[in-house]
Amino acid sequence: MRLLIGNDDGVFAPGIRALANTLADAGHQVTVVCPDRERSATGHGLTIHQPIRAEMVEGIFHEGIRAWACSGTPSDCIKLALGALLEHPPDLVLSGINQGANLGTDVLYSGTVSAAMEGVIEDIPSIALSLTSFTYHDFGPAARFARHLVDQWQQQSLKDPILLNVNIPAFPDSEIKGTKITRQGIRRYFDMFEKRIDPRGKTYYWLAGEVVEDAEMPPGFEDVAEITTDVQANRQKYISITPLQYNLTYHKAITRLETWLSLTP
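What counts, and where the lines are drawn
Residues numbered from 1 in each chain as written. Predicted model: local features only at pLDDT ≥ 70, side-chain atom pairs only at ≥ 80, totals over all residues. Heavy atoms only, no water. Pairing = 2+ DSSP bridges. Helix = DSSP H or I, 4+ residues; strand = E, 2+ residues; numbered from the N terminus. Axes fitted to C-alpha atoms, helices over the stretch in contact; angles between N-to-C directions. Parallel < 35°, antiparallel > 145°, perpendicular 65-115°, else oblique. Left-handed = near helix turned anticlockwise from the far one by under 90°. Contact = heavy atoms within 4.5 Å. Nonpolar A, V, L, I, M, F, W, Y, C, P; charged D, E, K, R; others polar. UniProt positions renumbered as here; feature names shortened; annotations may be inferred. Buried < 20%, exposed > 50% of the residue type's maximum accessible area, 1.4 Å probe, protein only. Salt bridge = Lys/Arg side-chain N within 4 Å of Asp/Glu carboxyl O.

Caption draft 1: Main features of the sheet that holds strand S7 (residues 163-168). Taken together, 9 strands build an open sheet; the order of strands is S3-S4-S2-S1-S5-S6-S7-S11-S8 and the sheet is mixed. Among the strands making up the open sheet, the edge pair consists of strand S3 (54-56) and strand S8 (178-181). Across this sheet, the average inter-strand angle for adjacent strands is 20°, counted without regard to direction. Taken together, the 5 bridges between S7 and strand S11 (residues 238-244) define a ladder with antiparallel strand orientation. Pairing of Val166 across the sheet is with Ile241, part of S11.

In structure tokens:
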């Protein structure tokens, strides 16, 4: 398969090397286009007020992998690859392997997920992969699962423009219990801005805070309450696979809003 791989941790991140090299070793045609530095938590931002530069890089990935380092955001990288750098469209877009989880509402901020979503917007199925730890650095289990998932995708011929958001627990293969198809959970944060003073006496703020993984489910989601969330699955040492789409329409509210608006003068 022709695979396009991006990330938000940058070209030198060990996660993207593990992913790209593992898939190339499996016989896939791999192209890497990713930021030239870390661009985490940039969401789906695009660069429109300055030029985007891309340079080919050598000596980082296995031979046979064509790789570019891009000055733009994760979404810029995939958009640039599809619109200018690639001679043929890929069969699949992958993003990762991210250092850190992208669970629940993290997907709204994640550069990793946004890069993959750029493929879906262009009608190309995509996979976002994250290792759920900032301190665990063995990407082997996640890379091997990615290879298995790509093989399954190829055999099943899934053509729908869908994004699979995959979070792999940060444990050895022997301790991972299995895989669950999940729904997106709610992962809110108790945000706190630390007020600091720089060496010149000027005030600045640093975003910090603690994650609240068991936030209460809002009304209107009772029909899916029995489906395991990605947060729950990972806490239980399961790999979570959550199908996502870019259409954020809240369909249940359409009829209610139409009724409500019909009552207004």
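Caption draft 2: View of the packing of helix H2 (residues 74-85) against helix H3 (residues 111-121). Two elements in contact, H2 and H3, have axes whose closest approach is 7 Å; the angle formed by their N-to-C orientations is 25°. With respect to H3, the axis of H2 lies roughly parallel. With respect to the hand of their crossing, H2 and H3 are arranged in right-handed fashion. Where H2 approaches H3, its residues Pro74, Ser75, Ile78, Lys79 and Leu82 are matched on the opposing element by Gly111, Ser114, Ala115, Glu118 and Gly119. Its residues assigned to classes, the contact of H2 with H3 comprises 4 nonpolar, 4 polar and 2 charged.

Caption draft 3: Representation of the UniProt feature "binding site: a divalent metal cation" (unreviewed entry) in the protein chain within the structure. UniProt feature "binding site: a divalent metal cation" (unreviewed entry): in the numbering of this structure it lies at Asp8, Asp9, Ser40 and Asn98. These annotated residues cover 91 residues of sequence, and their C-alpha atoms all fall within 9.2 Å of one another, placing them together at a single site. Among the secondary structure elements, Asp8 is positioned in the loop between strand S1 (2-6) and helix H1 (14-25). Contact partners of Asp8, with chain neighbours within four places excluded, come to Pro35, Arg37, Glu38, Arg39, Ser40, Ala41, Pro74, Asn98, Gly111 and Thr112. With respect to the secondary-structure elements, Asn98 resides in strand S5 (residues 92-99). By relative accessible area, Asn98 is classed as buried at 5%. Setting aside anything within four residues of it in sequence, one finds Asn98 in contact with Asp8, Asp9, Thr112, Leu129, Ser130, Leu131 and Phe139.

Caption draft 4: Main features of the pattern of salt bridges. The final tally for this structure, using the stated rule, is 5 salt bridges. In this structure, the salt-bridge partner of Lys79 is Glu118, at a minimum N-O distance of 2.9 Å. Here Glu118 lies in helix H3 and Lys79 lies in helix H2, a separation of 39 residues in the sequence. Of the residues examined, Lys79 reaches a relative accessible area of 36% and is grouped as partly exposed. Relative accessible area serves as the criterion here: at 2%, Glu118 is assigned to the buried category.

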